[in-house]
Every structure is written in structure tokens, then in C-alpha cells.
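Residue-level structural notes
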Amino acid sequence: MEGRKALNRAYKFRIYPNKEQTILLSKTFGCCRFLYNTMLSDKIREYRLTGKMLKNTPAMYKKEYPFLKEVDSLALANVQLHLERAYRNFFQNPKIGFPRFKSRHKNQNSYTTNVVNGNIALAEGRLKLPKLGKVRIRQHRQIPEGYRLKSVTVRREPSGKYYAGLLYEYDCGESQAAKCSYEQAKILGIDYAMHGMTVFSDVLDGPAAEYPGYLRQTEEKLAREQRKLSHCEKGSRNYEKQKRKVALCHEKVKNQRKDYIHKLTGKLADGYDAVGVEDLDMKAMSRCLHFGKSVMDNSYGMFRDILAYKLEERGKKLVKIDRFFPSSKKCCICGKVKKELKLSERIYRCDCGNVMDRDKNAAINIREEARRMLIG
């Protein structure tokens, strides 16, 4: 249909498998990990011998390893797709790194299966999955009409909880905001801040996001639980109980962080026609100046990703400004660039008389640069 495009949205629900289903899930996690490592090993061996890429599929291993037939074949097919994607990503961008073998102890226990001929269905508090049958699910929100189920990812968290991520496809129409003139549009500029996560060019609920820093708030409790874990005998029942307590601490911080970001990005997506952000390399920033914990706790990268899809589904735009754009050094009043500006200088002072917070000045410059790029 003209003026409409297909978008994807995932819904995450907690599931409660019974004892038999839990055993089958563990087998599926193990088979997916085993197949990934085996296929990767064969690819590496073939490349060393012939210099060519081996085209291997899960079907090639089922005769030698009959236990692979016990689990969902679509889950194994997705293992092949994930491995091939990892190879493509490496050759397109070597910085990503070569595909690595999955560890039994450190690997994320999950698998993905696809919808084929009605093999997956969600109805009456039950999720029907291939091989697994109907699993009890806590569906805390309704799926809008017109959404088409594409795939399901089942995952077991370190805390022992099971979740199902349902990926839907839907048609999104172009909103009126996307058709407006960006010269008069309501545009927001966002500058990254180490404390508080972001600073806004306009006042929505304040000059900054004021992110609470949930990891910092939980550090003492987390350290106490980890200290107790270090005193337990590894492999004992008490060790497993304490390990789950540590995992629950991390899970709570993760959920608090995501809840905060979802609420904030929802307000921004509803209140503005476009948003400008800096295209920062968060991984590089976390490695420099020992700021790793603060940068990761802010989750600015997650904030940008969630904001991007919420703007897109409303027909609006997220504009990424080049990281080398002098947003902090440029005066938002006269446009003069202050070449020598130390990181410790938190107040921006210009010869034209402009005196304001450094991050606020940068956010305004990002907003105007985003407007310039949209007008083109």
C-alpha cells in the first residue's frame, strides 16, 4: 500500500514451562550451542586446508549426531543463519572480531524459531511452540490487530527465569509530522552527559534527563552478595542459590534501566517531530579514562536505539550528527568555534557575551545542525 511500510516490533513475555518442557529447553540450548561450535570448527578447518569457505548446514550433522533430531529443526536452521551473519559482519567490519566459540558456562541460553504453517500460536494464556507444545505464558499486554507473528526467541536468564520474545511485523503509515516543513518543526537536540545521561536543548521535564544511575545505587548490595558467593564452595547447592541471588540483583538493575529509558523515549517521541543526537562510539568511550562503569550504566546506546524505533513508528526522524562536529566548542549564539576548550571547563564563555552550561550549549548546536541536515 502506498505511503505505508512494514516495521517489526518485539514483545517480551515471561513463560512458565513444566518439568518436561524445561528438560527439552535445556536440550535445545545445548544442541544449538554444540551445532554452532561444530560448524564454526569445520569452517575454520576447511579454510586452513583449502582457503575456501565451507557451506555446511545442520542436515549434514544429524546422521553423525542423532540427538540433534530431538529438538526443533528451525532452531538449528537459525544457528546456521547466525553463524553466517557473524562471518559477514567480520569481513565487512574486522573491528567486530572473528566469530568465537560459545562457552557452556558464559553463553546466553537462547534459541530462535520461525513461524511456518501455524506451528506457533498465542491464545488463552498458552504459547504453542514446535516440539515443546503449549507453554503457560503471562501475557501482560495485548497484541494489536493486524500484527503478523514472524518468530519467537526463547531465553533462560541467569536467574533461572524463562522469557519468550515474540517478533511481529506490522504496516506503519506515514504520519503528518513527517510531511511538515522542518523549518518550523519542533526539533530537539540531545547532548551526552556522564552524569544524568543526556542534556536537552529544550526544557521538556527539565534541562537534563537526570538518570538515577541504578547500578551505582545497587553497588553495595551487589558487592555484599558477590562477597557471599566467593565464600561458597563452587558447585555446591549454596553456591547455586547465592549465584541466583547475584543474578537477580543484575536483572533488577537491567529492568529498572530499561523501564526508565522506555518512559523517557516515549515522551520525546510524542513531543517532537525530530531529534538530533551525536553519533558517539560508546564502546570506545567506556574504555578511556576509566569511565567504563558510568558509561555502561547510562546505557546511552540503548537510549538512542529505542528512541530511533519509537520515532520511526510515528513517522518521525532521528538525526545522527557526526561525532567530530564541534558541538561543545561552537558558540550557539554567534557561531564562533573555541578551538582550545578543556574537558574540565563546564561553563562555556564566548567573547560575544554568551555564558551558559557547556552541555546545554552543545545540545543547542546539535539541534540546529540536525535542522540544517533535514532541510538539506
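Report follows, based on the coordinates. (Residues numbered from 1 in each chain as written. Predicted model: local features only at pLDDT ≥ 70, side-chain atom pairs only at ≥ 80, totals over all residues. Heavy atoms only, no water.)

Quick look at the packing of aromatic side chains
Applying the stated rule across the entire model yields 18 aromatic pairs. Both rings, one in phenylalanine 34 and one in tyrosine 65, keep their centres 4.9 Å apart while their planes meet at 80°; by these two values the pair is edge-to-face. One end of the pair, phenylalanine 34, is in helix α1 (residues 19-50); the other, tyrosine 65, is in the loop between α1 and α2 (73-92), with 31 residues separating them in the sequence. Overall, the relative accessible area of 29% leaves phenylalanine 34 in the partly exposed class. Classification of tyrosine 65 by relative accessible area gives partly exposed; the value is 21%. Look at tyrosine 214 and tyrosine 260: their rings are 6.5 Å apart centre to centre, the planes differ by 70°, and that puts the pair in the edge-to-face class. Of this pair, tyrosine 214 sits in helix α4 (residues 214-230) while tyrosine 260 sits in helix α5 (residues 237-271), and the two are 46 residues apart along the sequence. No difference in accessibility class separates tyrosine 214 from tyrosine 260, as the two residues are buried. Here lysine 338 stacks its cationic end above the ring of tyrosine 348, 5.7 Å away from the centre of that ring. (Phe/Tyr/Trp six-rings, centres within 6.5 Å; stacked < 30°, edge-to-face > 60°. Helix = DSSP H or I, 4+ residues; strand = E, 2+ residues; numbered from the N terminus. Buried < 20%, exposed > 50% of the residue type's maximum accessible area, 1.4 Å probe, protein only. Lys NZ or Arg CZ within 6 Å of the ring centre and 35° of its normal.)

Regarding the nonpolar core
Membership of the largest hydrophobic core comes to 34 residues, with the highest contact counts inside it found for Ile15, Tyr111, Leu127, Leu129, Val152 and Val154. The set of elements that each furnish at least two residues to this core consists of β1 (4-16), α1, α2, β4 (126-129), β5 (133-138), β6 (148-156) and β7 (162-173). Ranked by residues supplied to this core, first place goes to α1 with ten residues. The residues contacting valine 152, other than those within four sequence positions of it, are Tyr111, Thr112, Thr113, Ile120, Leu127, Leu129, Ala164, Gly165 and Leu166. Formed by 31 residues, the second largest nonpolar core is a distinct cluster that contains Cys249, Val253, Phe303 and Leu307. (Core = buried A, V, L, I, M, F, W, Y, C linked by side-chain atoms within 4.5 Å. Contact = heavy atoms within 4.5 Å.)

Describing the pairing of strand β9 (residues 197-200)
Pairing between strand β8 (residues 187-193) and β9: four bridges, direction antiparallel. From the neighbouring strand, alanine 193 faces β9, where its bridge partner is methionine 197. The antiparallel hairpin formed by β8 and β9 contains three residues in its connecting segment, where glycine 196 sits at a positive phi of about 100°. (Pairing = 2+ DSSP bridges.)

So, a positive patch on the surface
Together, Lys221, Arg224, Arg227, Lys228, Arg237, Lys241, Lys245 and Lys252 line one region of the surface with positive charge. Sorting the residues of the positive patch by element identifies α4 and α5 as the ones contributing at least two each. Counting through the fold element by element, lysine 252 comes out in helix α5. On the basis of relative accessibility, which here comes to 52%, the residue lysine 252 falls in the exposed class. (Patch = residues over 30% accessible without salt bridge, like charges linked within 9 Å, V, L, I, M, F, W, Y side chains within 5 Å. Areas by Shrake-Rupley, 256 points an atom, 1.4 Å probe, with all protein chains shown as cover. Salt bridge = Lys/Arg side-chain N within 4 Å of Asp/Glu carboxyl O. Lys, Arg positive; Asp, Glu negative; His and termini not counted. Charge placed at Lys NZ, Arg CZ, Asp CG, Glu CD.)

Overview of the environment of glycine 118
On the secondary structure map, glycine 118 appears in the loop between β2 (109-114) and β3 (121-123). Considering only alpha carbons, one finds glycine 118 and proline 130, twelve residues apart in sequence, at a separation of 9.8 Å.

Side note on the packing of α5 against helix α8 (residues 300-313)
The relative placement of two packed helices comes down to the angle between their axes together with the axis-to-axis distance. Across the interface, α5 lies against α8 with an axial gap of 9 Å and an inter-helix angle of 40°. Regarding the angle of α5 to α8, the classification is oblique. With respect to the hand of their crossing, α5 and α8 are arranged in right-handed fashion. Contacts from Lys258, Ile261, His262, Leu264, Thr265, Gly266, Leu268 and Ala269 in α5 reach Met302, Phe303, Ile306, Leu307, Tyr309, Lys310 and Leu311 in α8. (Axes fitted to C-alpha atoms, helices over the stretch in contact; angles between N-to-C directions. Parallel < 35°, antiparallel > 145°, perpendicular 65-115°, else oblique. Left-handed = near helix turned anticlockwise from the far one by under 90°.)

What to know about the pairing of β8
Counting buried positions along β8 yields seven of seven residues, so the element is predominantly enclosed. Across the two faces of β8 the burial is the same, with Ile187, Gly189, Asp191 and Ala193 and Leu188, Ile190 and Tyr192 all buried. In this sheet, strand β10 (residues 274-278) lies alongside β8 in parallel orientation, the contact comprising four bridges. The partner of leucine 188 across the bridge, within β10, is valine 275.

Structural notes on α1
Compared with an ideal rise of 1.5 Å per residue, which puts 32 residues at 46 Å, α1 spans 47 Å between its outermost C-alpha atoms and is within 8% of the ideal. For α1, the N-terminal cap is asparagine 18; the gap from its side-chain oxygen to the backbone nitrogen of glutamate 20 is 3.3 Å. Following α1 by one or two positions, glycine 51 has its phi on the positive side, about 80°. (Expected span 1.5 Å × (residues − 1). Polar contact = N/O pair within 3.5 Å; in protein donor to acceptor, adjacent residues only side chain to side chain.)

As for the packing of α4 against α5
Interhelical geometry of α4 versus α5 gives an angle of 170° and a closest axis separation of 9 Å. Comparing the axis directions of α4 and α5 gives the class roughly antiparallel. Listed contacts from α5 to Tyr214, Leu215, Thr218, Lys221, Leu222, Glu225, Gln226, Lys228 and Leu229 of α4 are Tyr239, Gln242, Lys243, Lys245, Val246, Cys249, His250, Val253, Gln256, Arg257 and Tyr260. The class makeup of the residues in the contact of α4 with α5 is nine nonpolar, five polar and six charged. (Nonpolar A, V, L, I, M, F, W, Y, C, P; charged D, E, K, R; others polar.)

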